[in-house]
Every structure is written in C-alpha cells, then in structure tokens.
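Structural description and commentary
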Amino acid sequence: MIQDPPVVVDEIVVTAPRLPPAAGDAAFSVTRLGSEALDAAPRLDEALGRVPAVGLFRRTSSLTANPTTQGLSLRAIAPTGAGRALVTLDGVPMNDPFGGWVIWSQTPPVGLSGLDVVRAGGTGPYGAGALTGAVILRERDDGGAIEAAAGGRGSARLAASGTGRVAGLRWVATAAQERTDGHVPVRAPDAGAADRPLDLDALSGAVRIDAAVGDVAVSGRVAAFREDRGSGLDGARATARGTVASLSATRAPAADRPGWRVQLWRRTSDLENSSVAVAADRASTTPANDQFSTPAEAWGLNAAWRVRRGRLEGELGLDARRAEGETRELFRFMGGRFTRTRIAGGETAVVGAYAEGSWTNGPWLVAGGLRLDRWDATGGFRREADAQTGAVTLDAPASDRSGEVVSARLGVHRALGSDWSVRAAAYSAFRPATLNELHRPFRVGNDLTEANAGLEPERLTGVEAGLARETVAGSFTATVFATRVEEAIVNVTIGLGPGTFPRAGFVPAGGVLRERRNAGTVEAAGVELAADRRLSETLSLRAALSATDARLDGGTAAPQLTGLRPAQAPIWSATAGAVWTPTPDWTLSADARWESRRFDDDLNSRILDPALTVSVRVERALGPGLSGWIEALNLTDAEVQTARTGTGVASLAPPRTLWIGLSRRW
C-alpha cells in the first residue's frame, strides 16, 4: 500500500538501532512501504520504483546500472548520478562516501522490515544530502526469509536473512548473491562488435548483534559488499566494493522519561572504472581511461534526545560526517599505452545541530524544526604526471572553502471528518558537492565530463499541500508542490568533438565535453496522486501519478540552459498494480510503469522516448511460509531507452526476462 501516514503512524517495534517515528512525521509527505511491497522485489531500488518519480538517475535498475549512475532521485526535479536524496539504514547513511550514489546490491530487500520515503526537504534529523528528501530503511528485527531464483541470460539470485538469540544476545544476519550474463544494451542495426553485455556478479553480507544493558539497548553492525559488472563496451568494466560498521546505544522513550540514541559509524568504498573510446562503426574500442582505484573513507556521529510531555514532543540532535578520498587513474592512451597518470581528491565535512518539535491537539498537528550546519571542503588537489618519466604535467591544488547553512521546516496536519485529512508544509535543505563532483573527471563512450573543485552547495526551498483519505478499504492522497533549487550542480556542455581541450585532452568526433558547474536555478512545480482500493477479499488495485514541470535558469553561468528541462527529468510518470487471489493458494499480480520522454543531456538534444513496462507474477503456496513463483519482467519486450550518444545510438534497458523461484518466510 502506498500512502501518506495518518497522524498516529502504524506501530513499529522499537529495537536497539532506532527511535520510534516522531509524531511530527505526519505533517510531511511520507510514503511507507511495508514488507509486502518488499517481498516481491529482487532489488531495493525496484521496490522504490513503485513510488512515482522515484528512481535511479537513468531509466534502469541496479541490475544493469553503472555504480556511478545509481544516485537516487525523489521527484523529477533534477536527477543526478550523485543523487539528491539521503538513504539511511537505521540511522547510518548508505550513500557512497566518495560519489553520493547508493550501491543497492549491498541491501537486499529480504533483510528489511520496511521503509519510509520522505519526499520533502531534508532539514531536521536528515541533514546534509537530503536535498529532495530521504529514504529511511529499517532492518529486520525478527523472523527470516530465504529466496532462490533463476532467470534468463544466465541469471541467478540467492538471498537469505534471519534472526535468533544466543547467550542473551540477539543476532540479525543477511547475505545475498546475484549474477547475470546480462543483455547487450545496443541492439541491431546500431550494435557492432564492440558492444558487450551488461553482466553482473554481486555479493553482500551483514551481521547485527543486539544486547540489553539495563534499559539501554546496544547494537553493533558490520557489513561488506562487492559487485563487478560490464559497462556495455569491450574493455569497459566497473567494480565497486565497500564496508560499513556502526555502534548504537538507544533508550526507548516512555511516558515518564525521555528517549535518546547515540551512534558512531564508519564506511569505506573503492571504485574501479575503466572507459573506452568507440569507433564510429562501433566495430572496435580504444582504451581511454583507467580509474584503477578510488579509495574513500567516511566517519560519522549522530545523537538525538527526545521527550514527550502531554501534547508536546521535542527532539534535539546533532550529527557530524567527514569523508576523504581520491581517484587514481591512467589516461591519454597513445601508441598502445597510457601516457599520463592522475591523482585527485580531498576531504569534506559537515557538522550540524537541530531542534524539532510538534504539538498535537485533537485533529490538529503542528510540527517544525530548525537546523544549522557548517560544511567544509579542504585539502583538494589534482596532480598529473608523465607515466614513463614521472615528470609533473599539472599540479592544481584547490582552495579550502567552508560556510554555514540554516535550514528549517514547518508543517500542519488536520484530520477532517469521514477519514479525510489535509496538510501543508514549507521547508529548506542543502546538499554539498561530493568528492566525486569536486575532483573526479569521468568518461562515458566518447563523452567526457570534467570535475570542478570550486562547486558550492546546492540549496532548496519548497512548499507543498496535501489531501488524504484513509479507510479500511483503501486510501487516496493528493499533493501539490513547488520547489526551487539554487546553485544547482549540472553537467554543462562546454565543447564538441573532435578537438583538444585544456585539462580534458582530446574529445573524439560525436563526443562532447562537459563540466560540472553551479548552473543557475531549477524551478519545479508538480502534483502527485496515489490511490489503492480493495475491491473484494480477492482483488485489490493501486495506481499513482506524478507530474513535475522542472525548468532551468542558467543565469550568467550557463545562459544556454535557460528554459530547458534538467537532464533525465520526465514530466509525467505513473505506476499501477493489481493483486488477485482467486484461491488461498494462488496469487496473480501485475505491475506497470510509464513515463513520458526525458532528455539525456543538458542541451535537451538527446531525446529518450516515452516508455511503458509491464510485469506479471504468478505465485503458488506450497506449504506454511513456502511458495513458488514465475515472473515475467518487461512482458511486452518494450524498448526502453536509457541513454543516447551524440550520434544517435540508443542504449536500452533489459528485454523481456523470465524468472522462476522459491521463497520461504517465517
């Protein structure tokens, strides 16, 4: 079920890593997905795809997406590979410390009990990075699940999660592995000998231990992941790996005492990403760049203190995050070898404190918060040298920069008669540039994008209003919003190939040179509708629609972008689904997703056609908690365009794929 939660949110069992949802959450746009929505999703980003205008930077899932394009977009305001949303798992950020994207294979859905999508500015407890909102993941606390599946093109998936107790301790463990031979994203007649499948081999695991020390719950968690994937061209591959560790202490709030939580975490990541130049006939490729290592490390601390007295609830908190990392690479391929080396990187830090409060009086709920953050970007450098002699060819240190940002939010919710409610909210938020945007140039085919160590944080302000109805038989929500993003970080076209440019070097024919810039302002207005209805004991339906009109004003920084739409931002998106249970043992479900055209570049010259995909699933209960299923993804074999080159060659999402599997839940 997709819905805005009522004032009294659904009860959630509070365990060691987390405080219960705040009473003020109902004043803002929160969409809750429970275990039933996650059970049928092989990947977490695909479960989130049930919410309109929520998805990865490109029109694809993490099954085939390069790690650098797995940034999450909430609302089609201005998607980016770095992501403009914060994703947390029981308080720990899941965003990559170097690039801001999320490696979704590290969090299999079987290990989660549910999640909340907060589609609004990220002040309050979310903080830096939650520019367009946040996704709050909750790890499993009890029970367990195991799933095994096999599909077309050599695909296989095994995932398991379970809980238990030993010697007074509770443990939660999750592991998953997935592989596929993949599909070739470019189809005939455009495909050539250089085009290769988007294969994948991914592995992840996590263990959490909970202990009670008096009335304080203590949790420790460690996790690791690795994924290796083809990038669709001969010689182009990407490998991402990382670890995360956290330690949390929580005391649940009670009627006669406040609650609190303190959490420490550390995250590491590394990315290997090789890219190639493609011949005009796509018959061959030439090595172009080998980013053989991108080590990064981040540390964080967050703390919250919450108290409730009668109709009032308040929370004070702080969080601090620090990240450092660098890209190490070989480039300028000449005479059969790379002739240049590059090392570039730096450090970023954000420290913030906030105060949140809410007041409930009968049908009224008023909630608000104020937050102050300080951001720093320091130690930036870029050094390039001759690969043979070691002679330095470029030494460009970046100036240290810092600043303070004040953000706030205010929301009002009122319950009406006949299960109706209305709400309104205003908010602001900010997102500092990632280390990747500041320091890492990259290449996709013949297109080059330069980093920019002088990027300023993006800042968002927005207002919205909503209407909702909640009954036993179903729900309906409607939201209208208007948002403004200042200092928007955009990949701006600054040159066309063929040609040689300072720093970037040679750009082939059909390629473009872009640079990350604070390219003015993005203004967006939109409407979101969602409804679900149980027509009978055996049939239920759901549907949702999002329309977002986002436009750029490039100002003096990029006047050529004024009036254009941000790249990868469709105006319309819609989802629909049906679940039919003709007998207690059989379940048939269907899901559809449609979106209007979008553009693959800042100049709106590379058009990606509208896309409609339909998936169906038939499931049979085989015993208590045991079921078998068959699923057809992209049933109609639709050609879903995910990217387009300057010469008009389109890349496509996976064709029709059949899966068969077994699952056991307890």
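Note that the coordinates shown come from a computational prediction; the quantities given were computed from them, not determined experimentally.

1. What about unusual backbone geometry?
Note the cis peptide between Ala188 and Pro189, where omega equals 5°. Topologically, Pro189 is positioned in the loop between β10 (169-180) and β11 (200-213). Cis rather than trans, the peptide bond between Gly497 and Pro498 has omega equal to 0°. Looking at where Pro498 falls in the secondary structure, it is placed in the loop between β27 (489-496) and β28 (499-501). Although it is not a glycine, Asp90 adopts a positive phi angle of roughly 50°. Of note, Ala167 is a non-glycine position whose phi angle comes to about 50°, a positive value.

2. Points about the side chain of Arg598
In this fold, Arg598 is placed in strand β35 (residues 598-599). A polar contact of 3.3 Å, which involves the side chain of Arg598, links it to the backbone oxygen of Phe57. If we skip the residues at most four places from it in the chain, Arg598 touches Phe57, Arg58, Arg59, Gln568, Ala569, Pro570, Arg606, Ile607 and Leu608.

3. Observations regarding the sheet that holds strand β23 (residues 442-444)
Taken together, the four strands give an open sheet; going across it, the order is β23-β24-β30-β27, and neighbouring strands pair in mixed fashion. Bordering the open sheet on either side are β23 and β27, each of which pairs with just one other strand. Adjacent strand axes in the sheet meet at a mean angle of 25° when their direction is disregarded.

4. Observations regarding the pattern of salt bridges
Enumeration over the complete set of coordinates arrives at 64 salt bridges. Of the charged contacts in the structure, one is a salt bridge between Arg282 and Asp195, with a shortest N-O distance of 2.7 Å. On the criterion of sequence distance, the pair formed by Arg282 in the loop between β14 (259-278) and β15 (285-293) and Asp195 in the loop between β10 and β11 is long-range, its members being 87 residues apart. The class for Asp195 is buried, based on a relative accessible area of 7%. Connected through shared salt-bridge partners, Arg18, Asp90, Glu139, Asp141, Arg170, Arg208, Asp210 and Arg221 make up one network.

5. Comments concerning the packing of aromatic side chains
According to the stated counting rule, one finds two aromatic pairs in the structure shown. Summarising the aromatic geometry, the rings of Phe333 and Phe338 are spaced 5.2 Å apart at their centres and angled 75° between planes, so their arrangement reads as edge-to-face. The lysine or arginine in question, Arg157, covers the ring of Trp659, its NZ or CZ lying 4.6 Å from the ring centre. Arg342 extends its terminal NZ or CZ atom over the ring of Phe331, reaching a point 3.9 Å from the ring centre.

6. Thoughts on the environment of Arg342
Relative to the assigned elements, Arg342 resides in strand β18 (residues 337-361). When its relative accessible area of 4% is taken as the criterion, Arg342 is described as buried. When the C-alpha atoms of Arg342 and Gly623 are compared, they prove to be 58 Å apart, with 281 residues separating the residues in sequence. Setting aside residues no more than four positions away along its own chain, Arg342 makes contact with Asn289, Thr327, Arg328, Glu329, Phe331, Arg382, Arg383, Glu384, Pro441 and Arg503.

7. Brief notes about the environment of Asp141
Tracing the backbone shows Asp141 in the loop between β7 (134-139) and β8 (144-151). Each C-alpha atom, one on Asp141 and one on Thr60, is 31 Å from the other, the two residues being 81 residues apart in sequence.

8. Digging into the confidence of the model for the chain
Overall, the predicted model of the chain reaches an average pLDDT of 92, with 97% of residues at or above 70. For the stretch residues 1-14, pLDDT sits under 50, and the model shows 45 contacts to residues farther than four places along the chain or on other chains.

9. Things to note about the sheet that holds strand β6 (residues 112-118)
In space, the five strands of this open sheet follow the order β1-β6-β7-β4-β5, with mixed pairing throughout. Each having just a single partner strand, β1 (30-34) and β5 (92-93) make up the two edges of the open sheet. As judged from the six bridges shared by β6 and β7, these two strands associate in the antiparallel manner. Across the sheet, Val118 pairs through a bridge with Ala134, a residue of β7.

The rules behind each value
- Residues numbered from 1 in each chain as written.
- Predicted model: local features only at pLDDT ≥ 70, side-chain atom pairs only at ≥ 80, totals over all residues.
- Heavy atoms only, no water.
- Helix = DSSP H or I, 4+ residues; strand = E, 2+ residues; numbered from the N terminus.
- Polar contact = N/O pair within 3.5 Å; in protein donor to acceptor, adjacent residues only side chain to side chain.
- Contact = heavy atoms within 4.5 Å.
- Pairing = 2+ DSSP bridges.
- Axes fitted to C-alpha atoms, helices over the stretch in contact; angles between N-to-C directions.
- Salt bridge = Lys/Arg side-chain N within 4 Å of Asp/Glu carboxyl O.
- Buried < 20%, exposed > 50% of the residue type's maximum accessible area, 1.4 Å probe, protein only.
- Phe/Tyr/Trp six-rings, centres within 6.5 Å; stacked < 30°, edge-to-face > 60°.
- Lys NZ or Arg CZ within 6 Å of the ring centre and 35° of its normal.
- pLDDT = per-residue confidence, 0-100.

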